[in-house]
Amino acid sequence: MNEKLDRRKKYTRKVLKESLISLLAEKPISDITVKELCALADINRSTFYTHYSDHYDLLSKIEEEITEDMNRYLHSYNYEHEEESIQMTEKILEYVIENKLMFQTLLNKEAAPTFEKRMMDLTRGFMRNNWMDEHMPNKHESEYLSSFVISGAIHVIKDWIEKDMDQSPREMAVMINHFINYGFSYLN
């Protein structure tokens, strides 16, 4: 009986997540109501409230899930070695492909204003812990550099999504890593 209940819970959460992403593709979170979310998901409102306190809570849980997945990817590679860095970036881009609509929607600041910041904070923490402290003793410079690098990478990924992912994850990973490691000297 418990297994059936767990399957139903998973299904309910999955349908609610998909429905919220679908609505976010059309309008910002502030314009969405639990009532319309439940109608789209074909879920009773009381069922919704057994899982989430409101639609912002659901969005937060979606963002947390993605952040945990991204954190796993980031910590499974050694950033010091360029080839591993490329592999890590490629894995992240493959994850983006698997969840294209979700990323396309959540990276829209009007739809989900906190997601991009979460991604930046996650990546900044990873960079600080795995690379910056050793190479850049100046804390202020390292924060600005990480903002520059991460913003650039996120916007390249957003452009890639907008262009319907016209390059393979491997090609994009190599490109992003070359931009980060070599900047304008990459053009020479």
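Residues numbered from 1 in each chain as written. Predicted model: local features only at pLDDT ≥ 70, side-chain atom pairs only at ≥ 80, totals over all residues. Heavy atoms only, no water.

**Brief notes about the confidence of the model for the protein**
Across the protein, pLDDT averages 86, with 88% of residues at or above 70. When mean pLDDT is compared element by element in the protein, helix α2 (residues 34-41) scores highest at 97, while helix α7 (residues 115-135) scores lowest at 76. (pLDDT = per-residue confidence, 0-100. Helix = DSSP H or I, 4+ residues; strand = E, 2+ residues; numbered from the N terminus.)

**Comments concerning the nonpolar core**
When a protein is soluble and globular, its nonpolar side chains tend to lie buried together. With 49 residues, the main nonpolar core has Leu20, Leu24, Ile66, Phe103 and Leu106 as its most contacted residues. Looking at this core, the elements that each hand over two or more residues are α1 (2-24), α2, α4 (55-74), α5 (82-98), α6 (100-106), α7, α8 (139-162) and α9 (169-182). Sort the elements by how many residues they give to this core and α8 lands first, with seven residues. The contact partners of Leu20, leaving out residues within four places of it in the chain, are Ile29, Ile32, Leu37, His55, Leu58, Leu59 and Ile62. (Core = buried A, V, L, I, M, F, W, Y, C linked by side-chain atoms within 4.5 Å. Buried < 20%, exposed > 50% of the residue type's maximum accessible area, 1.4 Å probe, protein only. Contact = heavy atoms within 4.5 Å.)

**Here we look at α9**
The terminal C-alpha atoms of α9, which comprises 14 residues, lie 19 Å apart, in line with the 20 Å expected from a rise of 1.5 Å per residue. When we look at burial in α9, the residues that qualify are Pro169, Met172, Ala173, Ile176 and Asn177. The buried side chains of α9 occupy one side of the element, clustering within an arc of 125° when seen end-on. (Expected span 1.5 Å × (residues − 1). Arc of directions from axis to C-beta.)

**Digging into the UniProt feature "DNA-binding region" (unreviewed entry) in the protein**
The sites that carry the UniProt feature "DNA-binding region" (unreviewed entry) are, in the present numbering, residues 33-52. Structurally, residues 33-52 is divided into 75% helix and 0% strand, and its ends, taken at the C-alpha atoms, are 13 Å apart. (UniProt positions renumbered as here; feature names shortened; annotations may be inferred.)

**A short note on α4**
The end-to-end C-alpha distance of α4, which contains 20 residues, comes to 28 Å, matching closely the 28 Å that a straight helix rising 1.5 Å per residue would cover. Of the residues making up α4, those classed as buried are His55, Asp57, Leu58, Leu59, Ser60, Ile62, Glu63, Ile66, Thr67, Asp69, Met70 and Leu74.

**Regarding the pattern of salt bridges**
Evaluation of the coordinates by the stated rule reveals eleven salt bridges. Where Lys27 meets Glu36, a salt bridge forms, and the shortest distance between an N and an O atom there is 2.8 Å. Assessed through its relative accessible area of 24%, Lys27 is described here as partly exposed. Under the relative-accessibility criterion, Glu36 is labelled partly exposed at 23%. Put simply, Glu116 and Lys158 hold a salt bridge, and the shortest N to O gap is 3.0 Å. With Glu116 in helix α7 and Lys158 in helix α8, this residue pair connects regions lying 42 residues apart in the sequence. Using a relative accessible area of 4% as the deciding quantity, one classes Glu116 as buried. The structure contains a network of salt bridges with shared partners spanning Lys117, Asp121 and Arg124. (Salt bridge = Lys/Arg side-chain N within 4 Å of Asp/Glu carboxyl O.)

**Regarding the side chain of Thr89**
Residue placement: Thr89 occurs in helix α5. Given a relative accessible area of 12%, Thr89 falls into the buried group. Not counting residues within four places of it along the chain, the set of residues in contact with Thr89 comprises Ala173, Ile176 and Asn177.

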